[in-house]
Amino acid sequence: MSTIKAHYRTCNLCEAMCGLEIQLENNEIQSIKGDKKDLFSKGFICPKATALQDIYTDPDRLKKPIKKVNGEWIEISWAAAYDLVANEIKKVQKKYGHDAVAAYQGNPTVHNIGSMLFSSDFLRALKTNNKYSASSVDQLPQQLAAQWMFGHIFTVPIPDINHTDYFLVLGANPLISNGSLMSAAGMPNRIKELQARGGKMVVVDPRKTKTAEIADQHIFIKPGKDVYFLAAIIHEFFEKKLIDINNLPEWMSGKKELQSFFIEFSPEKAEDICGVKKEIIEQTAVAFIAADKAVCYGRMGVSTQEYGTFCHWLINLINILSNNFDKQGGAMFPKAAVDVVSFISKKGTEHRYDRFRSRVRDLPETNGELPVAVLAEEMLTPGKNQIKAFICSSGNPVLSTPNGKQLNKALQGLDFMVSIDIYLNETSQQADVILPPATGFETEHYDLFFNNLAVSNVAKYSPPLFKPEVGMRYDWQIFKALTKRLKKKISLVEKLLIPFLKPSFMLNIGLNKGPYPINLKKLKNNPHGMDLGPLQPRMPGYLFTRDKKLHLAPALLVKQFKQLNLEHKSQELVLIGRRELRSNNSWMHNSYRLIKGKNRCTVLIHNEDAESRKIMEGDLVEVKSTKGSILLPAEITDIIMPGVVSIPHGYGHGDSGTKLDVANAHAGVSINDITDEGFLDTLSGNAAFSGVEVEVKKSIG
Ligand SMILES: Nc1nc2c(c(=O)[nH]1)N[C@H]1C(S)=C(S)[C@@H](COP(=O)(O)OP(=O)(O)OC[C@H]3O[C@@H](n4cnc5c(=O)[nH]c(N)nc54)[C@H](O)[C@@H]3O)O[C@H]1N2
Ligand SMILES: Nc1nc2c(c(=O)[nH]1)N[C@H]1C(S)=C(S)[C@@H](COP(=O)(O)OP(=O)(O)OC[C@H]3O[C@@H](n4cnc5c(=O)[nH]c(N)nc54)[C@H](O)[C@@H]3O)O[C@H]1N2
Ligand code: SF4
Ligand SMILES: [Mo]
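The structure presented is a predicted model; accordingly, all values stated were derived computationally and were not measured.

Trainee: What is the right way to look at the overall build of the protein chain in this model?
Mentor: Along the protein chain, the regular secondary structure elements total 25 helices and 31 strands. The C-alpha radius of gyration computed for the protein chain amounts to 25 Å, which stays within 12% of the reference 27 Å derived for 701 residues, consistent with globular compactness. In terms of overall dimensions, the protein chain has C-alpha extents of about 70 × 65 × 60 Å along its principal axes. In the protein chain, which comprises 701 residues, the share counted as buried stands at 62%. At a minimum sequence separation of 6, the contacts of the protein chain that also span at least 24 residues come to 74%.

In structure tokens:
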């Protein structure tokens, strides 16, 4: 007799937190569909969800630790691997000091409760200042702006898309990315609902994206120049007396300072630099104020640019000044079932900036991390505290960080490297040891972070679907085993506690301490999740600044902003990135169902720019920056602004020597071979991927 059953869980691949319904027959997956009863996603999923099965069954996935011996990989036992890694780390630290060991944590870390809960103890045990993560090629400016304005690195306001009437979107493509720092499964429906209630979505992007296509208005903007557009909107607020800053509550400081701050940033001036017509800027400012409920939202495109932190500061200001902050339909703060904000710091993190700097380039840390753009030079530059050993977990920085080629070279000169990864990829292939964890369907799941960034208050726990194969280990077990070996002293309390320290045990404590009367048992009884209600106003009680004020004009930001250049600089061609629906950063190209079809690693170029360079559709072209050049096919289009070219990231598997077989036919090239580790957002050190100057020409031969 065959047994048929359904398993419900949350997809762990991205921030959207979609509920899945997995039909099993005799414990074999028959189908993966959206869970219609999921209270958050209501049946929505994207094509990546079904690829979870491919990861589970992928014969290329690593399941046992491997060690490189004379260039060959050999399997070793977990105990031997842990001892080897811990001993090598200790050896390097004894010889060169604690900072000689660096650690990078990649994107899947935040989608994995075990890594979230157990990696911080491991990082502490390393006692190194060389801590890096994907944050500094992603959202760091958004978090830094939040830290300075609201006092905590993790109090990032989220657009209340479910209730807004005017959604101004800059540098985000939620129809494809499914929302970021705005967990909102089912974006297409949410946008439809917004429009059905008479609301408008306006998209500001150098490319007419899928999101821009369904928007009520799309505004082309020159890459990296959003700061001028945003400042001009605020200029209009003051100039046209659309707002009265004195009406803002007394718990906001810096009002006086702001009053005259934006005088110079007229729409005329902004048009000159960012390419958006002054009338459009004026209309946008007026429409934003006229809407009953409006919210301005910016993501990757405005984070990964030269003025990322300014952009996010201005976005917050637009919401605050227009009286759309901490209000229904505006920018709001979720209240998650596990209060990770307090868990990170009850007192706030305002002071966690520039407490130390990177050795070579003298860039400031944020919240204990250095910008990953300095990682390669910290490995390559001789001297005291040069990085000699590297731990890379859940990441592929050779493909995902600026000038990844240089990092690839730097990794080859290390004394020791370990990757905690399920694949042999472009980065892990340089390691001496790879520790591969159980993942996906083999893990339990609770979104510690993204419930705190979601458009409604929800909570859901997913048990593992399948038991990992005998002998496999979870990320948290790997971190725990390494921490134990690295710590000099373990207290008696710790010793007694250690056996109980498991993700579900800690999650239950977090839930019990949280703001709702729920615990793990209750979550287990609600396999479609629990709806904890719409977002509610939380201010001023949710401020973490030392003076308990919301800082409209944070001192360091204002100081730098005053030096902002108002000169128009002409650039012939600049580069931006792009994400595709069937991709997930650098690591899902081994799934045939995702990668099949036409080659998507192309350079988008506007008709006029192609014509003047005699480039035809499909021609192999060379895209060159000061850092290097890559060859890829041209895709000629009018959906991109003249003067802008776009290349997706996460490709470049060709010379990896990895087993990503399917990808080899679609290997593509890495955009990050031509991005620039010196081109950064000054304040945060975040990589500026948007606006890199390039030359494009038809490849000869
Ligand atoms: N030019 C350009 N560069 C970019 C971007 C861009 O838009 N343009 N985007 C940036 C952004 S937003 C991000 S987040 C980064 C992402 O870059 P990274 O975080 O460096 O890398 P990913 O491509 O996400 O690779 C994740 C790795 O984790 C492994 N993995 C998957 N699941 C697990 C697990 O459960 N445990 C462990 N231990 N490993 C696992 C995968 O095999 C893969 O090797 O790229 C950034 N780089
Ligand atoms: N399918 C898919 N979904 C994903 C991912 C994936 O790889 N694939 N990655 C996940 C991750 S890690 C993240 S961080 C999120 C990112 O989520 P999003 O930020 O929504 O995704 P992106 O596609 O990077 O969108 C950035 C947009 O900014 C535009 N842009 C580029 N430069 C500029 C600029 O200077 N100004 C303005 N105004 N716009 C600009 C680009 O054209 C693009 O449309 O997506 C997540 N979801
Ligand atoms: S949108 Fe994200 S969470 Fe939803 S199914 Fe796709 S990858 Fe999974
Ligand atoms: Mo990201």
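Next comes the rest of the account.
Trainee: What should I look at first to understand the site of ligand 3 in this one?
Mentor: Every residue near ligand 3 is listed here: Cys-11, Leu-13, Cys-14, Ala-16, Met-17, Cys-18, Ile-45, Cys-46, Lys-48, Ala-49 and Asn-178. Classifying every residue of the shell around ligand 3 gives 9 nonpolar, 1 polar and 1 charged.

Trainee: What exactly am I supposed to notice about the domain arrangement of the protein chain here?
Mentor: A common way to express how large an interface is: the accessible area buried when the components associate. When the domains of the protein chain are assigned, the result is domain 1 (4-57), domain 2 (66-128 + 373-445 + 458-531), domain 3 (140-336 + 545-561) and domain 4 (574-698). Taking only C-alpha atoms into account, the centre of domain 1 sits 31 Å from that of domain 4. Contacts between domain 1 and domain 4 engage 8 residues on the former and 10 residues on the latter. Taken together, both faces of the contact between domain 1 and domain 4 bury some 800 Å²; the carbon and sulfur share is 64%. Considering only the side of domain 1, the residues that lose the most area to domain 4 are Pro-47, Lys-48 and Asp-54, jointly responsible for 54% of the buried surface there. Connecting domain 1 to domain 4 are 1 salt bridge.

Trainee: Explanation requested: the site of ligand 2 in the structure shown.
Mentor: Surrounding ligand 2, one finds 30 residues, the nearest of these being Ser-177, Asp-205, Gly-224, Asp-226 and Ser-583. Backbone polar atom of Val-204 to a nitrogen atom of ligand 2: 3.1 Å apart, as the coordinates give it. In this structure, a nitrogen atom belonging to ligand 2 sits 3.3 Å away from a main-chain N or O atom of Leu-581. Considering ligand 2 on its own, with 910 Å² of exposed area, one finds that the protein chains cover 97% of that surface. At the level of secondary structure, the elements contributing two or more residues to the shell around ligand 2 comprise α5 (174-177) and α12 (300-303). Split by residue class, the shell around ligand 2 holds 9 nonpolar, 13 polar and 8 charged.

Trainee: Quick question: what am I supposed to make of a nonpolar patch on the surface here?
Mentor: A cluster of nonpolar side chains, contributed by Val-493, Leu-497, Phe-500, Phe-505 and Ile-509, occupies part of the molecular surface with about 450 Å² of accessible area. Within the residue set of the nonpolar patch, elements represented by two or more residues are α19 (492-497) and α20 (503-513). Along the chain, the position of Leu-497 falls in helix α19. The exposure class of Leu-497 is partly exposed, given its relative accessible area of 36%.

About the thresholds
Residues numbered from 1 in each chain as written. Chains lettered and ligands numbered in written order. Predicted model: local features only at pLDDT ≥ 70, side-chain atom pairs only at ≥ 80, totals over all residues. Heavy atoms only, no water. Helix = DSSP H or I, 4+ residues; strand = E, 2+ residues; numbered from the N terminus. Rg over C-alpha atoms; globule rule 2.2 N^0.38 Å. Buried < 20%, exposed > 50% of the residue type's maximum accessible area, 1.4 Å probe, protein only. Contact = heavy atoms within 4.5 Å. Near = heavy atom within 4 Å. Nonpolar A, V, L, I, M, F, W, Y, C, P; charged D, E, K, R; others polar. Domains from an automatic or database assignment. Buried area = accessible area lost by both parts, 1.4 Å probe. Salt bridge = Lys/Arg side-chain N within 4 Å of Asp/Glu carboxyl O. Polar contact = N/O pair within 3.5 Å; in protein donor to acceptor, adjacent residues only side chain to side chain. Areas by Shrake-Rupley, 256 points an atom, 1.4 Å probe, with all protein chains shown as cover. Patch = residues over 30% accessible without salt bridge, like charges linked within 9 Å, V, L, I, M, F, W, Y side chains within 5 Å.

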